[in-house]
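Secondary and tertiary structure notes
The chain contents come next:
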Amino acid sequence: MRYVVIMAGGSGTRLWPLSRQGTPKQLLEIFGGKSLLRLAYERVAGLVPDAQILTCTSRTYADVVAEQLPELPRDNILGEPVGRDSLNAVAWSAAVLADRDPDAIVAMVTADQIIEPVDEFQATVEKAFDVVQVHPDALVTMGVVPTSPHTGYGYLHRAEALEGFDGVHALAEFKEKPALDVAEKYLASGEYWWNAGMFVWRAATLLQQLDALLPDTAAKISRIIADPSLLDEVFPTLTKTSVDYAIMEPVSAGRTDARVLAVALDVDWRDVGGYLSLAEQFSTDSDGNAREGLTITLDSSGCILINMAGEDHLVAGLGLSDLLVVHTHSSTLVASLDASERVKELVELVRTTHGAEFA
């Protein structure tokens, strides 16, 4: 059968102080009153029955996830005791599903993106499901058709087309986030897609690659599946790494008997990783200020102002230019826009100097 796993375990530190321990970005209900997690569920609803939709998240906020996704069976919410990066989230999820259904085909989708239109996204996932049905040795990754030479995304360099499927190609290689001049060359060549970080594969095929490439991790995941009471003991010892680095890149380089295929995702796609991308979801005034909550500006331009303290607190800006101001009940962030991608560094300093209470 076909399944969907929503990956929702990130901490979202680049959106501090909106995103905090216990309330990460994917749970913030600031997108028309909905969270990124809820939007992710609504994107996949109908692709498979609710009983075949799972989410892999942090145990810390598993109860909140259950409240936001009441349609899912409670045992479909997989709570990691600690975060160990994307490889272990997808490996554990695949192992759980392979144990339930040895023939499981799984779509791994993210909970930190805005994707429209939904019907085009669903059609792409359906196509990827069909590819894996025909080619069980394939690990399929989704590539967003780029609209600009974006330097904040990784890229997929596609190779020859797959016979029998439009918009599906073999993958030549993964590329890291490029400099602007390199990104411009990628866009001009027409051979590159943005790496969406979403996948479709047979659970058994993914686990076979894990066994070939990281046998220690594979053995530990197997121990957890055989005895779930070992989760808290074993999961924190898993090697912390990404699924791209540990599986997708070596498989695409021919190190196993599987292969990586890429399917085109021709949608309006925004990865809500930091404040610059988050601000794209807000309306802007005539001076180019993106504002959310009770805010006011005078002689200010190109700023992002976010007030989450409610209707009894006003955030006012005067004579500002290209600044980020974020106010919450417990913390206020003021930064230049060109430093906004460094918020994660600031969070580490906050945690060190003031403790988890403010981080």
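Everything here concerns the structure above.
Scope of this entry: the structure provided in the associated data block. Starting from 1, residues in each chain are numbered consecutively following that chain's sequence as written. The model is predicted, so local features are restricted to residues of pLDDT at least 70 and side-chain atom pairs to those at 80 or more, both for listing and for counting; the totals for chains, interfaces and linings are taken over all residues. The side-chain numbers reported here are obtained from all heavy atoms of the structure, hydrogens and water having been left aside.

1. With respect to the packing of aromatic side chains
We describe a pair of aromatic rings using the distance from one ring centre to the other and the angle between the two ring planes. Let me state the cut-off plainly: Side-chain rings of Phe, Tyr and Trp (the six-membered ring for Trp) are treated as a pair once their centres are within 6.5 Å; stacked means planes under 30 degrees apart, edge-to-face means over 60, and tilted covers the remaining angles. The rule for a charge over a ring is simple: NZ of Lys or CZ of Arg within 6 Å of the ring centre, and within 35 degrees of the ring normal.
Taken as a whole and judged by the stated rule, the model has seven aromatic pairs. Each residue in the set Tyr-153, Trp-194 and Trp-269 is aromatic and connected to the rest through ring pairs, giving one cluster. The ring of Phe-121 carries Arg-43 above its face, with NZ or CZ at 5.8 Å from the centroid.

2. A look at the layout of surface pockets
Let me state the cut-off plainly: The way it works is a 1 Å grid over only the protein atoms, where trapped points that fit a 1.4 Å probe form a cavity and open points with protein on both sides within 12 Å along at least five of seven lines form a pocket, and then any residue with an atom within 4 Å of a point lines it. Grid points are joined across faces, edges and corners, and a volume is the space filled by probe spheres set on the points. In this text, helices come from DSSP runs of H or I with a minimum length of four residues, and strands from runs of E with a minimum of two, each type numbered from the N-terminal end. Polar here means any residue other than Ala, Val, Leu, Ile, Met, Phe, Trp, Tyr, Cys and Pro, which are nonpolar, and Asp, Glu, Lys and Arg, which are charged; Gly is therefore polar.
Volume-wise, the second largest pocket comes out at about 240 Å³. For the lining of the second largest pocket, the elements supplying multiple residues, two or more each, are strand 3 (77-80), helix 3 (85-100) and helix 7 (215-226). In terms of residues, the lining of the second largest pocket owes the most to one element, helix 3, which gives four residues. Of the residues assigned to the lining of the second largest pocket, the class counts are eight nonpolar, one polar and three charged.

3. Some words on the sheet that holds strand 16 (residues 323-327)
Here is the rule: Note on pairing: DSSP must find at least two bridges between two strands before they are called paired. Interaxial angle, 0 to 180 degrees, is taken between N-to-C directions of lines fitted to C-alpha atoms, where a helix line uses only the stretch in contact.
Spatially, the four strands line up as an open sheet ordered 12-14-16-17, and their pairing is mixed. Here the strands that pair on one side only, and so sit at the sheet edges, are strand 12 (290-292) and strand 17 (332-336). When the angles between neighbouring strand axes are averaged without regard to direction, this sheet yields 5 degrees.

4. Section: the packing of helix 3 against helix 9 (residues 243-252)
How two helices sit against one another is set out by the angle between their axes and by the gap between those axes. Convention followed: What sets the label is the angle itself: under 35 degrees gives roughly parallel, over 145 gives roughly antiparallel, 65 to 115 gives roughly perpendicular, and the rest give oblique. Here, residues are in contact when the closest pair of their heavy atoms is within 4.5 Å.
Contact pair helix 3 / helix 9: the axes reach a minimum separation of 6 Å and the direction vectors enclose 70 degrees. As summarised for this structure, helix 3 and helix 9 are arranged roughly perpendicular, according to the angle between their axes. When helix 3 is examined against helix 9, the residues Ser-86, Leu-87 and Val-90 are found in contact with a partner set consisting of Val-243, Ala-246 and Ile-247.

5. Digging into unusual backbone geometry
A cis geometry characterises the amide bond from Trp-16 onward to Pro-17, with omega recorded as 5 degrees. Among the structural elements, Pro-17 can be located in the loop between strand 1 (2-8) and helix 1 (36-44). Of the consecutive residues Glu-116 and Pro-117, the connecting peptide bond is found in the cis state with omega at -5 degrees. Summarising the element assignment, Pro-117 is placed in the loop between strand 5 (113-116) and helix 4 (118-134). Despite not being glycine, Asp-85 shows a phi value in the positive range, around 70 degrees. You can see Asp-85 is positioned in helix 3.

6. A few points about the pattern of salt bridges
Where charged atoms from two side chains of opposite charge approach closely, those side chains can pair. The following threshold applies: For salt bridges, the criterion is a side-chain nitrogen of Lys or Arg within 4 Å of an Asp or Glu carboxyl oxygen. Here the term buried applies to any residue with accessible area under 20% of the maximum for its type, exposed to any over 50%, and partly exposed to those in between, with areas from a 1.4 Å probe on protein chains only.
All chains considered together, the criterion is met by 17 salt bridges. Between Glu-348 and Arg-351 there is a salt bridge whose closest N-O contact spans 2.8 Å. Residue Glu-348 and its partner Arg-351 are both found in helix 11 (residues 343-354); the two are separated by three residues, about one turn of the helix. Here Arg-351 falls in the partly exposed class, since its relative accessible area comes to 28%.

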